[in-house]
Amino acid sequence: MTVQPNARALITGLGGFVGPHLARELAARGNQELFGSVCGSGLPAGLPLPREQISVCDILDRSAVEDLVARIKPHCIYHLAGKSDLGASWDEPEETMQTNVLGALNLIRAVLKFSPDCRLLFVSTAGVYGPMTVEEDSLGEDRPIAPPDPYSVSKASAELLCLQYFGSHGLQVVVARPFNHIGPGQSARFLVGRVVKLIAEIESNVRLPVLTLGNLSARRDFTDVRDVVRAYRAIMGNGTAGQIYNISSGQDVEIRRVVEIAAGLCKVPVRLELDEDRKRPLDSSRLVGDSSRLRRLAGWEPKISIEQSIGDALDHARASTGRGT
């Protein structure tokens, strides 16, 4: 099923890291009327949609979610809203489960009630797969899941909920499992966002030229956020309802290499220090995805190199640090 031109598209979680990038990607196509929802009043700059088409909506407030969907009657929804901090999920498992599972349920029920033909893209995480074995080269969608942390458990549970409603009620849902994505505007709660923020502060003489980080030996599959949102658009437009799609580069990079790329862009010499207390329980040593299903579906390929992604993220952090100081 293809999303028709002039459709109304709703992005939940518009105020997060991915939301503004997705809004710009959809707006560049010029064939959909964009709407968004945020949890609070703060909004990123440069959003390509008018303020009156952005609603404040707590995904846990069922009546507010129903009002949002009933008012807009979207043809497609990109569901980005939720808790995305894996580390924080160990300290706040109840809040993580409630937001990601009950929030998805509220949206599903509102869609079936007020816009039953709506296409729903549920954004999950590659973390649901759990640790790779030494025999595995990459992780495909048919690989059994084994979520190793509360955040991944919440996403796996919401996935199952979506697919159950696909089978029982005909919900037109597709599931995306992105691997690690990075780029301009990422929160400092995440590795690259934290590193570029520290470098920008070092360059501004806000802190000493030292990067204190946790496990640098783990290997991850990184894709630029702008390539990820292109994948979201492709899955929404061409994906098969009830199907799951990985979004990944297919290449794993050592965390140390990512930090070295960023440090190499710093205008002053920096020193790396390891902090063993920053390691998370059950942290996987390697994670790399097989996105051949998506590539066959839409001819999607990542276009932005990891070097460009980190450089753009650092430039964004520099501009933000300049505003802050």
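Up top you'll find the structure we're talking about.
Computed from a predicted model, the values in this text were never measured in an experiment.

Each value, and the rule that gives it
Residues numbered from 1 in each chain as written. Predicted model: local features only at pLDDT ≥ 70, side-chain atom pairs only at ≥ 80, totals over all residues. Heavy atoms only, no water. Helix = DSSP H or I, 4+ residues; strand = E, 2+ residues; numbered from the N terminus. Expected span 1.5 Å × (residues − 1). Buried < 20%, exposed > 50% of the residue type's maximum accessible area, 1.4 Å probe, protein only. Polar contact = N/O pair within 3.5 Å; in protein donor to acceptor, adjacent residues only side chain to side chain. Contact = heavy atoms within 4.5 Å. Axes fitted to C-alpha atoms, helices over the stretch in contact; angles between N-to-C directions. Parallel < 35°, antiparallel > 145°, perpendicular 65-115°, else oblique. Left-handed = near helix turned anticlockwise from the far one by under 90°. Nonpolar A, V, L, I, M, F, W, Y, C, P; charged D, E, K, R; others polar.

A. Quick look at helix α7 (residues 225-238). The end-to-end C-alpha distance of α7, which contains 14 residues, comes to 20 Å, matching closely the 20 Å that a straight helix rising 1.5 Å per residue would cover. Counting buried positions along α7 gives eleven out of 14 residues, so the element sits mostly inside the fold. Among the residues making up α7, those that are buried are V225, D227, V228, V229, R230, A231, Y232, A234, I235, M236 and G237. At the N-terminal end of α7, a side-chain oxygen is found 2.8 Å from the backbone nitrogen of R226, two or three residues along, and the residue is D224.

B. Geometry of the environment of N100. Within the secondary structure layout, N100 lies in helix α4 (residues 93-114). The exposure class of N100 is buried, given its relative accessible area of 3%. C-alpha of N100 to C-alpha of S124: the two residues are 24 residues apart in sequence and 9.5 Å apart in space. Those residues in contact with N100 that lie beyond four places of it in its chain are G82, K83, Y151, S154, K155 and A158. Looking at N100, its side chain comes within polar contact range of the side chain of S154, at 2.9 Å.

C. Quick peek at the environment of V38. Mapping V38 onto the fold places it in strand β2 (residues 32-38). Residue classification places V38 among the buried positions, given a relative accessible area of 5%. C-alpha separation for the pair V38 and I54, spaced 16 residues apart in sequence, amounts to 7.3 Å. With residues near it in sequence (within four places) discarded, V38 still touches L14, G15, L43, I54, S55, V56 and C57.

D. Focus on the packing of helix α2 (residues 62-72) against α4. One can describe the packing of α2 onto α4 by two numbers: an axis separation of 9 Å at closest approach and a directional angle of 40°. Taken together, the axes of α2 and α4 lie oblique to each other. The handedness of the crossing between α2 and α4 comes out as right-handed. Contacts between α2 and α4 involve R62, V65, E66, V69 and A70 from the former and N106, L107, R109, A110, V111, K113 and F114 from the latter. For the contact of α2 with α4, the class distribution of residues is seven nonpolar, one polar and four charged.

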